[in-house]
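Chain by chain, the residues:
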Amino acid sequence: MGFVAHDLGVDLGTSNTLVYVKRKGIVISESTIVVVDSNNERKIRAVGDDARVALGRATDGVMAVRPMREGVITDFDLTKSMIEYFIHKAIGSSFLVKPRLFLSYPCSISPIERRAVREAAKSAGSRKIFLVEKPFAAALGCGLPVFDPNGCMVVDIGGGTTDAAVISLGGTVISHSIRVGGVKMDEAITGFIKREFNILIGDRTAEEVKLDLASALPLHDERRARIRGRDMVTNLPQTTEITSTQIYQAIREPCLAILGAIKWVLERTPPELAADVMHNGIYLTGGGALLYGLDQMIASELGIPVLLAKNATDCAALGLGNIIENFDLLQDLGKTTFLSQN
Ligand SMILES: Nc1ncnc2c1ncn2[C@@H]1O[C@H](COP(=O)(O)OP(=O)(O)O)[C@@H](O)[C@H]1O
Ligand SMILES: [Mg+2]
């Protein structure tokens, strides 16, 4: 067993990290969170879902860190340790040959930031690293014919970034990435509640409100929820009632930014490929794509069909899996130009 060389796909997201193991499929899908000692930030107490659990328990002396922000590594050592932890959790730690890693990354990150991803993965213990643009991986994961001459369009809406791309003949023809995703929606909700009610809410509450009430289109039947936070004047716990209409308005800006990124790509897409996209539709992937009504909002604004991908949050990892399972064949056919070597 230890002699087998492993191939792993790692979709290192701002919110969630997924790991695909060759011939096994997705074996890990956990939060991108690390819990460390408050007075020694190098001392890791928990990673991933365990870290999320510890977060809920609010034990003294520890704090939760998100080592990625807007698709970029903000804490190199913690990211490295986290990748190491996930590799060991996925394939054990007794392998003799280090694994090869296929990593997806947002198109928006700079060459230096991309090198940091590569370095973190390398020092976490991998033999070779292949980088794949997130929308390309997501398109493969949706089952789109990425190697055909026809154009297909994918928009991956994650926690920290939105990546929109038109793909054809095994490569990205045009892409655009913005540092707006689910987290910006949470922040917009927090900002709104602060302005309107003078109440501070935590990140988790903001996300819960989003999952509960948010939509990209006004709802016919307005919904309400009570939220708890801290009164900014008295510093005491406070509750208030909010409506789905208010939350719809609060997240309008990030939703329009996502729409703007899609338009940006379409406006620069060669006419024949744009015609393919008009005909075949735009595919939405990533957790942010699950926002209620987002597909309809984009479709009605652009007059193009929009399809929410099946297993939207898994698409990038499934695409990496697709590459791993067919790697030898792709190499024989000379179809690996989408893999970045630096
Ligand atoms: N049903 C939903 N409605 C709106 N947002 C959602 C929903 N489910 C998940 N999300 C959001 O999707 C984001 C995570 O998506 P994901 O693709 O896992 O991100 P990343 O790949 O950047 O880690 C989070 O901001 C989360 O709140
Ligand atoms: Mg994702």
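Before reading further, recall that the structure is shown in the block above.
Parameters and conventions
Residues numbered from 1 in each chain as written. Chains lettered and ligands numbered in written order. Predicted model: local features only at pLDDT ≥ 70, side-chain atom pairs only at ≥ 80, totals over all residues. Pairing = 2+ DSSP bridges. Helix = DSSP H or I, 4+ residues; strand = E, 2+ residues; numbered from the N terminus. Axes fitted to C-alpha atoms, helices over the stretch in contact; angles between N-to-C directions. Contact = placed C-beta atoms within 7 Å. Near = placed C-beta within 6 Å. Nonpolar A, V, L, I, M, F, W, Y, C, P; charged D, E, K, R; others polar. Buried ≥ 20, exposed ≤ 12 C-beta atoms within 10 Å, placed from the backbone.

### A look at the sheet that holds strand β4 (residues 34-37)
Across the sheet, 3 strands lie side by side as β5-β4-β6; this open sheet has antiparallel pairing. The open sheet has two edge strands, β5 (44-47) and β6 (62-65), and neither has a second partner. Averaged over all neighbouring strand pairs, the angle between strand axes comes to 25°, with direction disregarded. Sheet analysis places β4 next to β6, joined by 4 bridges and oriented antiparallel. If you follow Val34 over to β6, its bridge partner there is Val65. Here helix α2 (residues 76-91) sits on the sheet and contacts β4, β5 and β6; the angle it forms with β5, its principal contact strand, is near 55°.

### A word on the site of ligand 1
Near ligand 1, the surroundings consist of 20 residues, among which Gly13, Ser15, Gly158, Gly182 and Gly287 are the closest. Mapped onto the shell around ligand 1, the elements with two or more residues apiece are α5 (182-197) and α6 (203-213). No other element matches α6, which puts 3 residues into the shell around ligand 1. For the shell around ligand 1, the per-class residue count stands at 4 nonpolar, 14 polar and 2 charged.

### Regarding the pairing of strand β11 (residues 152-157)
Burial analysis of β11 places 6 of its 6 residues in the buried class, the great majority of the element. In β11, alternate side chains face the same way, and those of Cys152, Val154 and Asp156 on one face and Met153, Val155 and Ile157 on the other are all buried. Count of turn residues in the β11/strand β12 (residues 162-168) antiparallel hairpin: 4 residues. Sheet analysis places β11 next to strand β17 (residues 282-285), joined by 4 bridges and oriented parallel.

### A look at the sheet that holds strand β16 (residues 237-243)
Pairing is antiparallel across the open sheet formed by 3 strands, whose spatial order is β14-β15-β16. Two strands bound the open sheet, and with one partner strand each, they are β14 (199-200) and β16. Judged from the 2 bridges that link them, β14 and strand β15 (residues 224-231) form a sheet pairing that is antiparallel. Bridging from a neighbouring strand, Leu200 pairs with Arg230 of β15.

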